[in-house]
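Structural overview for review
Residues per chain are reported as follows:
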Protein chains: 4
Amino acid sequence: MGKGRLEAFSDGVIAVIITIMVLEMKVPRGADLAALMPLAPVFLSYVLSFIYVGIYWNNHHHMLHAVQHVSGRVLWANLHLLFWLSLVPFVTGWASEDLLAALPVALYGVVLFMAGVSYYLLARVLVAYHGKDSSLAHEIGKDYKGLTSLFIYALAIGLAFVYTWFSCALYILVAVMWFIPDRRIERTLPRTE
Amino acid sequence: MGKGRLEAFSDGVIAVIITIMVLEMKVPRGADLAALMPLAPVFLSYVLSFIYVGIYWNNHHHMLHAVQHVSGRVLWANLHLLFWLSLVPFVTGWASEDLLAALPVALYGVVLFMAGVSYYLLARVLVAYHGKDSSLAHEIGKDYKGLTSLFIYALAIGLAFVYTWFSCALYILVAVMWFIPDRRIERTLPRTE
Amino acid sequence: MGKGRLEAFSDGVIAVIITIMVLEMKVPRGADLAALMPLAPVFLSYVLSFIYVGIYWNNHHHMLHAVQHVSGRVLWANLHLLFWLSLVPFVTGWASEDLLAALPVALYGVVLFMAGVSYYLLARVLVAYHGKDSSLAHEIGKDYKGLTSLFIYALAIGLAFVYTWFSCALYILVAVMWFIPDRRIERTLPRTE
Amino acid sequence: MGKGRLEAFSDGVIAVIITIMVLEMKVPRGADLAALMPLAPVFLSYVLSFIYVGIYWNNHHHMLHAVQHVSGRVLWANLHLLFWLSLVPFVTGWASEDLLAALPVALYGVVLFMAGVSYYLLARVLVAYHGKDSSLAHEIGKDYKGLTSLFIYALAIGLAFVYTWFSCALYILVAVMWFIPDRRIERTLPRTE
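Quick caveat: nothing in here was measured; it's all calculated off a predicted structure.

On to the overall build of chain A. In terms of regular secondary structure, chain A is built from 10 helices and zero strands. For chain A, the α and β elements follow one another from N to C terminus as α-α-α-α-α-α-α-α-α-α. Relative to the compact-globule value of 16 Å for 193 residues, chain A shows a C-alpha radius of gyration of 18 Å, a close match. Expressed as lengths along the three principal axes of its C-alpha atoms, the size of chain A is roughly 60 × 35 × 30 Å. Counted over contacts in chain A with a minimum sequence separation of 6, partners at least 24 positions apart contribute 77%. Surface exposure of chain A reaches about 7900 Å², of which carbon and sulfur atoms provide 69%. Within chain A, the 12 negative side-chain charges are centred at a point lying 7 Å from the centre of the 13 positive side-chain charges.

The structure is reproduced here in structure tokens:
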């Protein structure tokens, strides 16, 4: 039961996060292309953040699938992840004001980095609770992809103050890295994930 | 399980989309009819978009009912559909500012067209995953209604720049086309959908 | 299954409706009582509308509990109800600007009236689908309380243009009427509702 | 069934509450640190309120886990709790404008106090419905932690008008008190909470 409500609550929070981001796209005053164009960076940031939140939802879905039971510690580790994801609309909105501004682009990376850290912690708490020999521990494994992402985020945060566009490119790179279906997992969990 | 969370998450996102659209109806400054009247086009757009999102929820509901299991590819095809639906409040808000403005009316059609395309893709991904001889493949069939809708949207997008009101009429036509209960499906799925 | 998703989607929409209403209570500029007081009518309207939406959720919960299966027609009758409920935040916001203004108070009643009508229609559609001798039909019965509410709403709409405060009193009266637990139903559905 | 929908609806409402709070963090106008800094108190209030709403979700989760069935009275006691929680974004927004302003800090405490009272009432209604010898009654027990919190909130409300910062410290104290995992309960509900 615990797992059911944890999933339902996470689904609810992530559904609201992914949807209120679009409120940052304010209806333009005019009805022509000139009025619409300034929204281009806002739209692009929205697409990227939508994909990121989608990736987290997918990964959360996969990880929780293998979970048998949850503890109070798991609930808090999960809330910690949701906290950082809830900041995505804010940093998306700020970064979209000027895609070349160093600080907003760096802060976008900080939130992605912290979301990645909190996801990693959630995985550790779950593994500790299920035991190192559980199928969950086996499936989560070393999570090299997650650790690589953290490293790239850290790089992008630093680079934002030197080559801002390169940071943006790194964020897109990580998204693409996750977006490409992980054939290995798909094979491990055939037909049931 | 996968299916349960995919449905729950989609329900959450669609519930937020359909509800935040109403936020576009800003509370009027005055308390008389003169203050209320300017909201008439906003209200009409809201009604149309509410029906469209309702149609998508109903169709999603019907299609997923026949689904047995989901893959990572299905999750992304579903997120792709939710992405385009999440833009409905924005284009509704823009179009409602002036129901005769060509570009907003055309963009409204673009979002409906892309939502239709992404729904079509989701159906194909599901059929590919379940096999061409599955009951799901049989139920979805050729989806002539979906393809006809795509054609009408494309027509409406082009016409928006010539006869804007005709485009609006076409959007209403498609909504009516879907709103009229599909007796055939109802008969195929008696008492269980 | 159909029933499960209809309930989940309705829960989602009603949860968003009941929560975004509070956004109408804008944070005051000052930090003293003089800055807070103008929010008093907004708060009172919020309380009333929260209770109304809560009543609808409770009644929906009770009615759907006895439902065995749903049809496409039921899905639309349910969306129709959600449509009118989705307008509650708007009319609450408008009425709260001036609790004595005739038109907003009347429009508040119109939305309650239409929500009541759509709830009544949903009940009829469900009864028609389950048969007149079903336990659902027996439980819903004649729904005198619902019909009485409709009558009082109609009265309040008309009176808003003559004695506005009397209309407000009538809205409170209907809310109280539903809020008082219906002992009879509780007895009919012991421990399982 | 009743319990399932009560949980789903509560999850939905709490998910929206916890997420719309972040909308109070308005995107800064500039792209530098000077533009970001004024958001520091807003961010701190957001963190505290996020933790408080998270605590309520966790406690609600634990309490409902032991519930077997719900009555109309339980539904209303639950809505009463959700009502006070729905005011958290408003008081968070007001208090974050000036963390040293007496009235907003006191009102923040009033909402926490009322949320605590309504949670206590919900527990009583559930115990009355399940019987004093039920496992639910045993698990809820005397709820000394809840009563202590109420006492501290009352103290903080009064102190807000004398030493405002001390009130803030008390709110943090209560949050920490709940945040520290309750080992005793964890032991009582091994692997299943």
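After that view of the structure, there is still more to cover.
Listed by partner, the interface residues are 33 residues for chain B and 42 residues for chain A. Both sides together, the interface formed by chain B and chain A hides about 3300 Å², and carbon and sulfur atoms give 72% of it. The tally of links from chain B across to chain A stands at two salt bridges. Residues arginine 5 of chain B and aspartate 11 of chain A are paired through a salt bridge, measuring 2.8 Å at the closest nitrogen-oxygen approach. The interface formed by chain B and chain A holds four residue pairs in polar contact (both at pLDDT 80 or more) in total. Mapped onto the side of chain B that touches chain A, the elements with two or more residues apiece are helix H1 (2–20), helix H4 (72–86), helix H5 (88–97) and helix H6 (102–130) of chain B. Classifying every residue of the side of chain B that touches chain A gives 22 nonpolar, seven polar and four charged.

This next bit is on the packing of aromatic side chains. Taken as a whole, this structure holds 40 aromatic pairs over all chains when the rule is applied. Relative to phenylalanine 83 of chain B, the ring of phenylalanine 43 of chain A has its centre 6.2 Å away and its plane inclined at 55°; by these criteria the two rings are tilted. Residue phenylalanine 43 of chain A is found in helix H3 (residues 40–65), and its partner phenylalanine 83 of chain B is found in helix H4; the two belong to separate chains. Classification of phenylalanine 43 of chain A by relative accessible area gives partly exposed; the value is 28%. Here tyrosine 46 of chain A and phenylalanine 50 of chain A contribute two aromatic rings whose centre-to-centre distance is 5.8 Å and whose plane-to-plane angle is 70°, an arrangement assigned as edge-to-face. In this pair, tyrosine 46 of chain A and phenylalanine 50 of chain A are both assigned in helix H3, four residues apart and thus about one turn of the helix distant. Owing to a relative accessible area of 2%, tyrosine 46 of chain A belongs among the buried residues under this scheme. Note on phenylalanine 50 of chain A: relative accessible area 5%, which makes it buried. Grouping aromatic residues by their ring pairs yields a cluster made of Phe43, Tyr46 and Phe50 of chain A together with Phe83 and Trp84 of chain B. Between lysine 145 of chain C and the ring centre of tryptophan 178 of chain C, over which it is positioned, the NZ or CZ distance is 4.8 Å.

Definitions and cut-offs
Every chain begins its residue count from 1, and numbering advances along the sequence as written. Chain A is the first chain written and ligand 1 is the first ligand written, with later ones labelled in order. Owing to the predicted nature of the model, reporting of local features is limited to residues with pLDDT of at least 70; listing and counting of side-chain atom pairs is limited to 80 or more, with chain, interface and lining totals taken over all residues. Hydrogens and water are ignored here; the side-chain numbers use all heavy atoms of the structure. Numbering of helices and strands runs from the N terminus, with a helix taken as a DSSP run of H or I at least four residues long and a strand as a DSSP run of E at least two residues long. Radius of gyration means the value over C-alpha atoms here, while the globule rule gives 2.2 Å times the residue count to the 0.38 power. Contacts were defined at the residue level, with two residues in contact if any of their heavy atoms lie within 4.5 Å. Note on areas: Shrake-Rupley, 1.4 Å probe, and residue coverage restricted to the protein chains presented here. When charges are tallied, Lys and Arg are placed among the positive residues and Asp and Glu among the negative ones, while His and the ends of the chain are skipped. Here the site of a charge means NZ on Lys, CZ on Arg, CG on Asp, or CD on Glu. By buried area we mean the combined loss of accessible area, with a 1.4 Å probe, across both parts when two parts are placed together. Note on definitions: salt bridges are taken to be side-chain nitrogens of Lys or Arg within 4 Å of carboxyl oxygens of Asp or Glu. Definition of a polar contact: a pair of N or O atoms within 3.5 Å, with one able to donate and the other able to accept a hydrogen when the atoms are protein atoms, and with sequence-neighbouring residues admitted only if both atoms are side-chain atoms. Classification convention: Asp, Glu, Lys, Arg as charged; Ala, Val, Leu, Ile, Met, Phe, Trp, Tyr, Cys, Pro as nonpolar; all other residues, Gly among them, as polar. In this analysis, rings of Phe, Tyr and Trp, with Trp reduced to its six-membered ring, are considered paired at centre separations within 6.5 Å, and the interplanar angle assigns stacked below 30 degrees, edge-to-face beyond 60, and tilted for intermediate values. Using a 1.4 Å probe on the protein chains alone, a residue whose accessible area is under 20% of its type maximum counts as buried, one over 50% counts as exposed, and one in between counts as partly exposed. Charges are assigned to positions over rings by a cutoff of 6 Å between ring centre and Lys NZ or Arg CZ, combined with an angular limit of 35 degrees from the ring normal.

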